[in-house]
Amino acid sequence: MLRMPEPDHSVLARRSEIAAALRRIVPHEAVIDSAIQMRPYESDGLTAYKQMPMLVVLPQTTAQVSEILNYAHANTIKVVPRGAGTSLSGGALPLEDGILLGLAKFNRVIDIDFANRCVVVQPGVTNLAITKAVEHEGFSYAPDPSSQIACTIGGNVAENSGGVHCLKYGLTTNNILGLEMVLITGEVIRLGGKHLDAEGYDLLGVMTGSEGLLGIVTEVTVRIIKKPETARAVLIGFPTSVAAGQCVADVISAGIIPAGMEMMDKPAIHAAEAFVNAGYPLDVEALLIVELDGPQVEVDDLLTRVEKIARANRAKTLRVSMGEDERLLFWAGRKAAFPAVGRISPDYMCMDGTIPRKRLPEVLAGIARFSKKHDLAVANVFHAGDGNLHPLILFDANKEGELARAEEFGADILRLCVKVGGVLTGEHGVGVEKRDLMSTMFNEADMEQQLRIKCAFDSKNLLNPGKVFPTLHACAEQGRLIVRGGNLPHPHLPRF
């Protein structure tokens with residue numbers, strides 16, 4: 001069983017007092033303390049696990065966030081930050097004795113600076129809204145998670161999100177220039193800015209992917225890029241997933257860096273096609289979507305080279321987009337794969353691990369073995385170009401034992417990712433989902449060094465406690481936290 005931090009009953013007893021204090025900082029209606037109104041906040045995108053927060057507070061200025069955190073620090077109250085709640089690793093799972101601090105009201109685009117190719121936004125602005133704000137001048141924001149219509153840039157920073165175009169254009173960490181953030185003490189600091197590089201330690205890199213453990217982001221400066229002259233996508237169907245995986249490796253080893261390179265197996269292909277009608281071939285076992293962009297002459301040459309490599313790997317079908325609408329339709333099916341799978345299974349668990357590309361056929365074979373072992377179906381959808389896997393484990397939470405089997409299935413996949421030289425997460429974060437698997441990748445000394453950074457920002461362990469790291473023990477005489485516990489079981493969180 002995964003152990004969340006024990007509730008502080010002294011804090012719970014002061015719930016009304018805490019609510020009153022918060023209402024002195026924000027308008028009365030911005031503090032939510034009724035059970036009915038707090039229900040939408042009981043989980044994030046990892047809906048198998050739920051926990052009602054003690055209180056929800058919705059500030060709308062940096063000054064208010066500063067006051068809230070200063071109060072929480074002075075009174076030793078835990079705080080869980082939350083963006084749009086699309087996290088798939090339980091990163092925004094509330095705490096019974098903690099304040100849930102929502103950033104939905106931070107939804108303004110502050111500054112668009114085409115001369116410096118950057119945009120300054122508040123953390124509640126959605127990923128897609130950034131591109132919408134600049135596309136009239138031929139610009140875009142490159143990272144594009146499948147949930148980009150809903151996920152917010154603050155959450156993207158917290159999880160270091162990627163997307164289908166991260167192979168060529170990078171993850172969130174490669175596309176942000178500056179942050180304004182509030183520390184748990186209430187201090188407001190700025191990291192980076194509109195310039196390309198900041199002096200000193202790379203604190204911007206430390207914050208990106210820190211999952212709300214170090215501070216709360218209240219402003220983000222992102223890099224925008226000019227849209228390429230030409231972009232064309234090609235659908236390639238294969239008789240086996242192994243053949244598709246080998247094609248991925250061959251394309252990259254040929255020195256070709258596609259803008260995007262995605263793969264789906266047969267269950268995912270059929271679900272996406274039924275949902276979107278993108279024109280996917282239904283008689284193949286695996287489908288690659290490869291996008292090439294740049295000057296037209298370059299794209300034409302690369303398409304010819306990719307087709308040659310695909311044919312050498314026994315491609316059964318090959319279809320190139322003939323216009324922008326068709327290219328977007330190809331991607332629409334892939335980006336709708338998660339909700340599409342939701343139509344064929346009562347529940348699913350979306351995993352997130354990253355492996356070396358050359359081990360792709362081996363890991364796919366392993367996932368198939370685990371599917372038989374746990375007697376659960378799986379649909380594979382992933383960023384093939386950078387080895388970021390997203391197996392969707394299908395189950396029915398209403399059937400006794402299926403959720404537990406799904407969790408063990410997921411744990412087996414992640415252990416295999418680490419075994420072949422990969423990592424536990426590519427873009428969804430550790431959260432609570434992978435927390436107790438951290439010891440499969442890091443030893444005690446590794447995690448203690450990471451915790452030194454946590455303690456430098458949050459010595460009381462008040463920001464998002466219970467996430468990322470396994471069992472924590474306070475070491476008051478040295479003013480830091482240490483981690484204990486070897487190989488812990490995969491999480492089983494409270495279910496309500």
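Residues numbered from 1 in each chain as written. Predicted model: local features only at pLDDT ≥ 70, side-chain atom pairs only at ≥ 80, totals over all residues. Heavy atoms only, no water.

## A word on the overall build of the chain
The number of helices and strands found in the chain is 16 helices and 21 strands. By the compact-globule yardstick of 23 Å for 496 residues, the chain fits well, its C-alpha radius of gyration being 23 Å. Expressed along its principal axes, the backbone C-alpha trace of the chain runs to roughly 65 × 55 × 45 Å. Within the chain, contacts between residues at least 6 apart in sequence are counted, and of these 72% link residues at least 24 apart. Between the centroid of the 50 positive side chains of the chain and the centroid of its 58 negative side chains there is a distance of 2 Å. (Helix = DSSP H or I, 4+ residues; strand = E, 2+ residues; numbered from the N terminus. Rg over C-alpha atoms; globule rule 2.2 N^0.38 Å. Contact = heavy atoms within 4.5 Å. Lys, Arg positive; Asp, Glu negative; His and termini not counted. Charge placed at Lys NZ, Arg CZ, Asp CG, Glu CD.)

## Some words on the sheet that holds strand β8 (residues 176-182)
Strand order in the open sheet formed by five strands is β5-β6-β10-β8-β9, and the pairing between neighbours is antiparallel. Two strands in the sheet have a free side with no partner beyond their single neighbour: β5 (109-113) and β9 (188-192). Here the strands of the sheet are splayed against their neighbours by 10 degrees on average, with no regard to which way each runs. Relative to strand β6 (residues 118-121), β5 runs antiparallel, the two sharing four bridges. (Pairing = 2+ DSSP bridges. Axes fitted to C-alpha atoms, helices over the stretch in contact; angles between N-to-C directions.)

## Thoughts on the packing of aromatic side chains
One pass over the full model with this rule turns up one aromatic pair. Between the aromatic rings of Phe-114 and Phe-139, the centroid separation amounts to 5.2 Å while the plane-to-plane angle is 35 degrees, which identifies the pairing as tilted. One end of the pair, Phe-114, is in the loop between β5 and β6; the other, Phe-139, is in strand β7 (residues 139-140), with 25 residues separating them in the sequence. Phe-114 gets classed as partly exposed once you look at its relative accessible area, which sits at 26%. (Phe/Tyr/Trp six-rings, centres within 6.5 Å; stacked < 30°, edge-to-face > 60°. Buried < 20%, exposed > 50% of the residue type's maximum accessible area, 1.4 Å probe, protein only.)

## Observations concerning the side chain of Thr-208
Here Thr-208 is to be found in the loop between α8 (203-207) and β10 (216-223). In terms of polar contacts, Thr-208 uses its side chain to reach the backbone carbonyl oxygen of Leu-204, at 2.9 Å. Beyond its immediate chain neighbours, meaning those up to four positions away, Thr-208 contacts Val-157, Asn-160, Thr-172, Thr-173 and Ile-176. (Polar contact = N/O pair within 3.5 Å; in protein donor to acceptor, adjacent residues only side chain to side chain.)

## A short note on the environment of Asn-116
Assignment of secondary structure puts Asn-116 in the loop between β5 and β6. In this structure, the C-alpha to C-alpha distance between Asn-116 and Pro-356, residues 240 residues apart in sequence, is 35 Å.

## Here we look at the confidence of the model for the chain
Confidence in the prediction for the chain averages 92 pLDDT; 94% of positions are at 70 or higher. Confidence over residues 473-480 falls short of pLDDT 50; this stretch has 10 contacts with residues more than four positions distant or in other chains. Taken together, the stretch residues 483-496 has pLDDT below 50 and engages in 49 contacts with residues farther than four places along the chain or on a different chain. (pLDDT = per-residue confidence, 0-100.)

## Let's talk about the nonpolar core
Among the nonpolar cores identified, the biggest contains 123 residues, and Ile-18, Leu-22, Val-220, Ile-236, Phe-238, Met-263 and Leu-288 are the most heavily contacted of them. It is helix α15 (residues 402-419) that provides the largest number of residues to this core, a total of nine residues. Apart from the residues lying within four places of it in its own chain, the contact partners of Val-220 are Val-119, Val-120, Val-121, Ile-153, Val-157, Ile-176, Gly-178 and Leu-179. Within the second largest apolar cluster, 24 residues are counted, among which are Ile-269, Val-341, Cys-350 and Leu-394. (Core = buried A, V, L, I, M, F, W, Y, C linked by side-chain atoms within 4.5 Å.)

## Some thoughts on the packing of helix α9 (residues 241-253) against helix α14 (residues 360-374)
The N-to-C vectors of α9 and α14 enclose an angle of 150 degrees; their axes lie 8 Å apart at closest approach. By the criterion of interaxial angle, the relationship of α9 to α14 is roughly antiparallel. Here α9 runs over α14; the crossing is right-handed. Only Leu-360, Pro-361 and Leu-364 of α14 make contact with α9, whose side of the interface consists of Ser-241, Val-242, Gly-245 and Gln-246. For the contact of α9 with α14, the per-class residue count stands at four nonpolar, three polar and no charged. (Parallel < 35°, antiparallel > 145°, perpendicular 65-115°, else oblique. Left-handed = near helix turned anticlockwise from the far one by under 90°. Nonpolar A, V, L, I, M, F, W, Y, C, P; charged D, E, K, R; others polar.)

## Details of the packing of α14 against α15
Packing of α14 against α15 leaves a shortest axis separation of 10 Å and a crossing angle of 155 degrees. Here α14 is positioned roughly antiparallel relative to α15, judged by the angle of their axes. The interaxial crossing formed by α14 with α15 has right-handed handedness. Every residue of α15 that contacts α14 at Val-363, Gly-366, Ile-367, Phe-370, Ser-371, Lys-373 and His-374 is listed here: Arg-405, Glu-408, Phe-409, Asp-412, Ile-413 and Leu-416.

## A closer look at the sheet that holds strand β2 (residues 55-57)
Taken in spatial order, the four strands make up an open sheet running β1-β2-β4-β3, and their pairing is mixed. Bordering the open sheet on either side are β1 (31-32) and β3 (78-82), each of which pairs with just one other strand. With five bridges connecting them, β3 and strand β4 (residues 98-102) associate as parallel partners. Following the sheet pairing, Pro-81 is matched in β4 by Leu-101.

## Looking at the pattern of salt bridges
Counting across every chain of the model gives 27 salt bridges. The closest approach of N and O atoms between Asp-412 and Arg-415, which form a salt bridge, is 3.2 Å. A residue pair is termed a helical-turn pair when its members lie 3 or 4 positions apart in one helix, as Asp-412 and Arg-415 do in helix α15 at three residues. A relative accessible area of 11% places Asp-412 in the buried class. With relative accessibility at 30%, the residue Arg-415 sits in the partly exposed group. (Salt bridge = Lys/Arg side-chain N within 4 Å of Asp/Glu carboxyl O.)

## Description of α9
Compared with an ideal rise of 1.5 Å per residue, which puts 13 residues at 18 Å, α9 spans 18 Å between its outermost C-alpha atoms and is within 8% of the ideal. Listed as buried for α9 are Ala-243, Ala-244, Gly-245, Cys-247, Val-248, Ala-249, Val-251 and Ile-252. The inward-facing, buried residues of α9 contact α7 (166-169), β12 (230-238), β13 (260-265), β14 (286-294), α11 (296-312) and α14. After α9 finishes, the residue Gly-255 shows a positive phi value of roughly 85 degrees. (Expected span 1.5 Å × (residues − 1).)

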